[in-house]
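# Notes for the structure review
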Amino acid sequence: MSKGGQYIYRFEDVDQDNIPEVGGKGANLGEMTKAGFPVPPGFVVSASAYYYFVKENKLDQLIKKELTGLDPEDTKTLQAKGKLLQQAVLKATLPPDLVEQIKQGYKELSAKALQKGGADVAVRSSATAEDLPEASFAGQQATFLNIHGATEVVNAVKRCIASLFEPRAIYYRIVNKFDHLKVALAVPVQVMVQSDISGIMFTADPVNSDETIVVIEAGLGLGEAVVSGSITPDTFHVDKKTLQITKREIHDQTWQITRVRGKDQHVNLTAKQKRAPKIKEDQVLALAKIGLKLEEHYQKPQDSEFAIEAGRVYIVQTRPITTLGNVENATAAASMTPAPAPSGSAGSLQGGVAANEAKALLHGIGASIGAAAGPVVIIHSPEEIDKIKPGDVLVTEMTTPDYVPAMRRAVAIVTDAGGKTSHAAIVSRELGIPCVVGAGTATTTLKNGVMVTVDGHEGTVYQGKVQLGTAAATNGPTGTATAATPSGSAAYNTMVPATGTKVYVNLGEPDMAAETAKLPSDGVGLMRAEFIITGIGEHPLFMIKEGRSKEYIQKLADGIAAIAGAFSPRPVIYRATDFKSNEYAHLKGGESFEKEEANPMIGFRGASRYIRQPEEFALELEAIKEVREKRGFKNLWLMIPFVRTTDELISIKELIRKSGLEQSNEFKLWIMAEVPSVAILAEQFCQLGIDGMSIGSNDLTQLVLGVDRDNGTLAADFDERNPAVLMAIEHIARTCRQYNVTCSICGQAASDYAEVVECLVRAGATSVSVSPDRVVDTRKLIASVEKRMLLEHTMGEQDEHLL
């Protein structure tokens, strides 16, 4: 490739005739721009630029050397080759004249967008073999959002080029017989839409190939949450002839990703926003009309992404739906005598029980029509895809493009999360294999090696081999996702992804233990003693005085054991009694032992009480020993509330030691971080040998801000999201991480505010503990935050290679 050529093109200068130069995505953006569709402005760094870069750095020789003869099913070698080539790309230098053209293109684009300080842009990948009618595996290369500044745009372009050598992209080219050296990458750079509403539109139902309707899925905020399957979007069906909405599915959305002070953040929605439709019906109809025009223009059904900002609708990309022809094959696969699989083999339904006699294990969303039987293999990350063998049923939380090699070997796919537009759904339809998404608890309900039948039409997973008739493949999908749970449990309608950060639940009522234990939590992060003690109804010192200490211990142990037993072997962190003096006074006999305090909130409570009244604390320690040693629930740990000083902690540890309880890997000691002194001296507290620190955001907030949380006049000033509170929380989490001390939060902030959860996860907290009704939503939120952090980490590593 000679120097001095033209390497970038404005959208308005390209169309479908320029696919070899700008790729499918770039060509479609240009085609829509020319045709007058509402497309945000942009330009494309061309395939010629890619070839120029590769030749100048002699990367073509390295690509040929490393990828010739590579077995795509050899996952470890594939990943190693991919990493090597990506690093080589990032270390290479973009030619100066190419860099100058990119920077000039960005400058002109910023002027067009009327953004003098430089536009925020999306930098996407558009491979010349991607998004074409005959090959449309979505998401093979990278996309970078909200890139700002000419230099950052240049770096993002380079990272997009590097993504052409992601293992998933290499795999895709090999199995589709594309020559690595004849596949180039173009890079569209497009003004970002800071969307209030975003989503996906199909001008035909991608599951059952119904071409009489337009399907629109929409959520609040940036489109990342919808496309990734992190939220369940609202769904609308619009009849093409009448332009009437024929179906509406409105789902709760608890948070959105939005731009705040120059950063994308997870932000809570109000109660009204959560339950209301995310998009107005006139906007649904306006989108449907655009969709019909797109279909007419391209002469085939379209899969489009849209964004709405300040009421204005934008189409940010479109591509043909390539799975519509697969429904006939899927129908055949769902019959009782499928041709491809011999009787008794994986995938075959012969010899199975009748459908009306079958036991349904799970229900989700039917995302790819067909049915197949095979043994369950559960994996949790792309690193485990080698576990999937031909004929297996792949079960995972949600898939990404890195799962494709395993998906090609599987006879069916089942995921906890996602909708009909999720990656698992799209690729399954491409492969023509049955798929059930949004099954909620598939990775926990199903067991490795167990034979199941997956009905991708009805969204049902059956136990064993089941004979299903062809009706299962020809009727429309139910559109309902309900996660089946073990016998006797509540049917939680959930989609629960796996997370690195543990999600615990707050609990105090023993009567609620059995039901709450059915939630997909990792244990109890805050077991409140106060509910049990209120049930006992008598002041502990009063019962000691009457010689009834053993009675108190047994009653307390009964309550603790009910919770520890329900959750075993998951940990239960018992917070020792944190009654204040005025609350203790209301117990029978309490008035004789409690002095009136002017301000009980910062008075005689928590650790200081145990030190001054060790006989009272001893009763709780004996109850813990009873539950752990006599009743066998070793999953019970201890947490000390309202610790003020390191001296208090030293004294408490001595009292615990004298009781006969030995701190160990099986019996861990946590403290509450709710007094600012603990935040300020977090390092010293960690050095004293604690196992965990749980942030009590309620007290911490009122003490940091000097605001009485019970004072209605000051209610508006009590806000856990105040920068001073967030700084304290972040400092605690980072310090704990430095000392390998578990860090959690059990205050209400984690249940109420996405911003607080995101702050904790980013700071390195190992868990959060929330109210039972927030367990599922919090896990989904954390999954989204962790996914974004992983992307940022990858970008950071790439930036190091750019230096």
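Read on for an overview of the structure.

## Considerations on the overall build of the chain
- Across its full length, the chain carries 30 helices and 32 strands.
- A buried classification covers 59% of the 803 residues belonging to the chain.
- Surface accessibility of the chain: about 31,500 Å² in total, with carbon and sulfur atoms responsible for 51%.

## Description of the sheet that holds strand β7 (residues 197–202)
- Pairing in this open sheet of six strands is antiparallel, and the strands run β10-β9-β8-β7-β13-β14 from one edge to the other. A single partner strand is all that each edge strand has here, and the edge strands are β10 (245–249) and β14 (312–320). Strand-to-strand twist of the sheet, defined as the mean angle between neighbouring strand axes without regard to direction, takes the value 20 degrees.
- Where strand β13 (residues 302–309) lies against β14, eight bridges are found, and the strand directions are antiparallel. The residue of β14 that forms the bridge with I308 is V313.

## Section: the nonpolar core
- Judged by nonpolar contacts, the single largest core of 91 residues is most densely connected at Y574, L638, I640 and M693.
- For this core, the element with the highest residue contribution is helix α19 (residues 549–567), accounting for nine residues.
- With residues up to four places along the chain from it excluded, the contact list for Y574 reads M527, A529, L556, I560, E620, I624, L636, W637, L638 and M639.
- The next biggest cluster of nonpolar side chains, apart from the first, holds 70 residues, and it includes Y50, L78, A156 and I379.

## Structural notes on the packing of helix α2 (residues 47–56) against helix α3 (residues 59–67)
- Where α2 meets α3, the closest approach of the two axes is 5 Å, and the angle between their N-to-C directions is 85 degrees. By the criterion of interaxial angle, the relationship of α2 to α3 is roughly perpendicular. The segment α2 lies against α3, with Y50, F53, V54 and K55 engaging L59, D60 and I63.
- Looking at the contact of α2 with α3, its residues break down into five nonpolar, no polar and two charged.

Parameters at a glance
Residues numbered from 1 in each chain as written. Predicted model: local features only at pLDDT ≥ 70, side-chain atom pairs only at ≥ 80, totals over all residues. Heavy atoms only, no water. Helix = DSSP H or I, 4+ residues; strand = E, 2+ residues; numbered from the N terminus. Buried < 20%, exposed > 50% of the residue type's maximum accessible area, 1.4 Å probe, protein only. Areas by Shrake-Rupley, 256 points an atom, 1.4 Å probe, with all protein chains shown as cover. Pairing = 2+ DSSP bridges. Axes fitted to C-alpha atoms, helices over the stretch in contact; angles between N-to-C directions. Core = buried A, V, L, I, M, F, W, Y, C linked by side-chain atoms within 4.5 Å. Contact = heavy atoms within 4.5 Å. Parallel < 35°, antiparallel > 145°, perpendicular 65-115°, else oblique. Nonpolar A, V, L, I, M, F, W, Y, C, P; charged D, E, K, R; others polar.

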